[in-house]
Amino acid sequence: MAEDVSERKPAKIVLREMAAKAYQDAWDAKRRGEKIGWCASNFPQEIPTTLGLKVVYPENQAAAIAAKGAGLEMCEYAEGEMHLSNDLCAYARINLAYAQKGKCPNGEQEMPMPDFVLCANNICSCMQSWYSNIAKMLDIPLIMLDFPYNDEDLVDEKRTAYMRGQFDHAIRQLEEITGKKWDDNRFKQVMEYSQRTARAWLKAASFANFKPSPLNGFELFNHMAVAVTARGTKEAAEAFEQLAAEYEQNVRENKSTYKVPEQHRILFEGIACWPYLRATSGPLKEAGVNVTSTVYAAAFGVIYRNTEELMQVYYNVPNCLSLEHATKLREDAIVAGKADGALCHINRSCKLWSGIALEMGRRIESDMNIPVVTFDGDQADPRNFSEEQYKTRVEGLVEIMQNKKSESERGE
């Protein structure tokens, strides 16, 4: 019998508290005299977790700063006082401004200054320059993992061996920097928790495939912070298992956190516009359009069975794939989510992701026979988004989806 979760604190509250606790844990460790780090989102979290290191994530912080309305001030500081181009990723501008200022305009989501930085270039080439600059500005060590571009669907033995060598070297560097010692038994436990968390997170996200969906798809953008920061912990595993159980209960009771009748289902492609979450979700909700497919949230549900596969899965992040592989991921998500349209964020900050988005859109439109509409925006800089343009694009998408639906009902 499925578990009744109605008596617990809701999973969304548990996850929100866990995300806040990550900052507090880092502050506490810093006050105890421990060395703490800043970490890229797709650096293997198994390494710092096994070593018992407290790390925080500049991308998460930048998204939170932007969502709370302070992204513009930080971007303008980076451009004015630090002479950085506004073509640079807004996450990078916000974080580099924070590294120099040491504080946030709204006083929220502040994190301690790092003693080292952990970086992986499987996200983008900008990440490498961004973290190198942090290391130089603060005169601290940079631990870097290099993922050579992989144009194949699978990761071959040479690439796996190359990553294993870097994995081991990063551990030795961190042992020397922090005085912490690696424990293989602890590593096995962290991998077990990481897999338990990943499976629970993917299961929770997969409930969007039900029709109607028991969840509002935009929720996943908020919940994914813990999937980034705490995958290797028992607490994260339990929280996502609870989230999945809540969605399952919604299915049984024919309820949903999406509070309007679901008229259409879409793929939302790209990173969320954090300064405009309400502005981007609102017009969709008004038209009864639910997000049931996305590769962004699921990207942090990394599944592996052993250490060798662990080295390989960190190649399979959205910006580290061939055009063909990336397109197939979206098309599989569209089928699973029963989507009848796609809305694609052409993100000024994330040029690597958006650079192939138009071609992916053309292929998806042709292969899946669904409309694909784009809108201009930014993950953190509010100057690069127009609410009116967005509303117009959503209206166009809804009109096409409705016409196709009517044609299908008439048997045309």
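Everything that follows concerns the structure shown earlier in this document.
Residues numbered from 1 in each chain as written. Predicted model: local features only at pLDDT ≥ 70, side-chain atom pairs only at ≥ 80, totals over all residues. Heavy atoms only, no water.

**Q** Before we go on, may I ask you to explain the overall build of the protein chain in this structure?
**A** In terms of helices and strands, the protein chain carries 16 helices and eight strands. Whereas a compact globule of 412 residues would reach a radius of gyration of roughly 22 Å, the protein chain reaches 21 Å, a difference of no more than 12%. Dimensions of the protein chain, computed from the C-alpha atoms along their principal axes, are close to 70 × 55 × 45 Å. For the protein chain, contacts bridging at least 24 residues in sequence account for 80% of all contacts bridging at least 6. (Helix = DSSP H or I, 4+ residues; strand = E, 2+ residues; numbered from the N terminus. Rg over C-alpha atoms; globule rule 2.2 N^0.38 Å. Contact = heavy atoms within 4.5 Å.)

**Q** For this particular structure, what's the right way to read helix α11 (residues 277-286)?
**A** Side chains of residues three or four places apart in an α-helix project in the same direction, reflecting 3.6 residues per turn. All of the buried residues in α11 are Leu 277, Ala 279, Thr 280, Pro 283 and Leu 284. Summarising the contacts, the buried residues of α11 are in contact with α9 (219-229), β5 (264-269), β6 (289-293), β7 (341-347) and α16 (387-409). Backbone geometry just after α11 places Gly 288 at a positive phi near 70 degrees. (Buried < 20%, exposed > 50% of the residue type's maximum accessible area, 1.4 Å probe, protein only.)

**Q** I tried to follow the packing of helix α1 (residues 11-31) against helix α10 (residues 234-252) on my own but got confused; where do I start?
**A** Two numbers describe a pair of packed helices, the interaxial angle and the distance between the axes. Orientation of α1 relative to α10, taken along the N-to-C sense of each, is 155 degrees, at an axis distance of 9 Å. Regarding the angle of α1 to α10, the classification is roughly antiparallel. The two elements α1 and α10 cross, and the hand of that crossing is left-handed. Touching Ala 11, Val 14, Leu 15 and Met 18 of α1 are Glu 235, Ala 236, Ala 239, Phe 240, Gln 242, Leu 243 and Glu 246, all from α10. (Axes fitted to C-alpha atoms, helices over the stretch in contact; angles between N-to-C directions. Parallel < 35°, antiparallel > 145°, perpendicular 65-115°, else oblique. Left-handed = near helix turned anticlockwise from the far one by under 90°.)

**Q** Explain the nonpolar core here, please?
**A** Nonpolar side chains in soluble globular proteins tend to end up buried together. If you look at the biggest cluster of nonpolar residues, it comprises 119 residues, and the most contacted ones within it are Tyr 91, Trp 274, Leu 284, Tyr 296 and Leu 343. A per-element tally of this core places helix α5 (residues 90-101) first, with eight residues. Apart from the residues lying within four places of it in its own chain, the contact partners of Tyr 296 are Tyr 91, Phe 221, Met 224, Gly 270, Ile 271, Ala 272, Trp 274 and Trp 353. Core analysis: the next-biggest nonpolar cluster, separate from the first, contains seven residues, Leu 267, Ala 339, Ile 364 and Val 372 among them. (Core = buried A, V, L, I, M, F, W, Y, C linked by side-chain atoms within 4.5 Å.)

**Q** Any chance you could explain the sheet that holds β5 here in plain terms?
**A** The sheet built from four strands is open, its strands ordered β6-β5-β7-β8 with parallel pairing. Unpaired on one side and paired on the other, β6 and β8 (372-377) mark the two borders of the sheet. Taking each pair of neighbouring strands and ignoring which way they run, the sheet shows an average axis angle of 35 degrees. Looking at chain direction, β7 and β8 are connected through six bridges and run parallel. Residue pairing across strands places Asn 347 opposite Gly 377, the latter belonging to β8. Here α16 sits on the sheet and contacts β5, β6, β7 and β8; the angle it forms with β8, its principal contact strand, is near 170 degrees. (Pairing = 2+ DSSP bridges.)

**Q** I would appreciate a short explanation of the sheet that holds strand β2 (residues 55-56) in the present structure.
**A** The pairing of strands in a sheet comes from backbone hydrogen bonds and takes either a parallel or an antiparallel form. The strand order across the open sheet formed by four strands is β2-β1-β3-β4, and the pairing between neighbours is parallel. Each having just a single partner strand, β2 and β4 (142-145) make up the two edges of the open sheet. In terms of strand pairing, strand β1 (residues 37-39) meets β2 through two bridges, oriented parallel. Directly across from Gly 37, in β2, lies its bridge partner Val 55.

**Q** Which parts of the structure should I look at to understand the packing of aromatic side chains?
**A** By convention here, two paired aromatic rings are described through the distance between centres and the angle between planes. Under the counting rule described, the total for this entry stands at 18 aromatic pairs. Here a set of aromatic residues connected by ring pairs shows up, and it is made of Phe 218, Phe 221, Phe 268, Tyr 276, Tyr 296, Trp 353, Phe 375, Phe 385 and Tyr 390. Directly above the aromatic system of Tyr 77 lies the positively charged group of Lys 101, at a separation of 4.6 Å from the ring centroid. (Phe/Tyr/Trp six-rings, centres within 6.5 Å; stacked < 30°, edge-to-face > 60°. Lys NZ or Arg CZ within 6 Å of the ring centre and 35° of its normal.)

**Q** I keep staring at the pattern of salt bridges and nothing clicks. Help me out?
**A** Once their charged atoms are close, side chains differing in charge can pair, the charge on each being opposite to the other. Using the criterion set out here, one finds 24 salt bridges in the structure. Arg 31 is paired through a salt bridge with Asp 28; the nearest N and O atoms lie 3.5 Å apart. In this pair, Arg 31 and Asp 28 both sit in helix α1, three residues apart, roughly one turn of the helix. For Arg 31, a relative accessible area of 61% puts it in the exposed group. On the basis of relative accessible area, Asp 28 is assigned to the partly exposed category, the value being 29%. Between Arg 159 and Asp 156 there is a salt bridge, and its shortest N-O distance comes to 2.9 Å. For Asp 156, a relative accessible area of 35% corresponds to the partly exposed category. Three or more residues are tied together by salt bridges with common partners; here these are Glu 79, Arg 93, Asp 381 and Arg 383. (Salt bridge = Lys/Arg side-chain N within 4 Å of Asp/Glu carboxyl O.)

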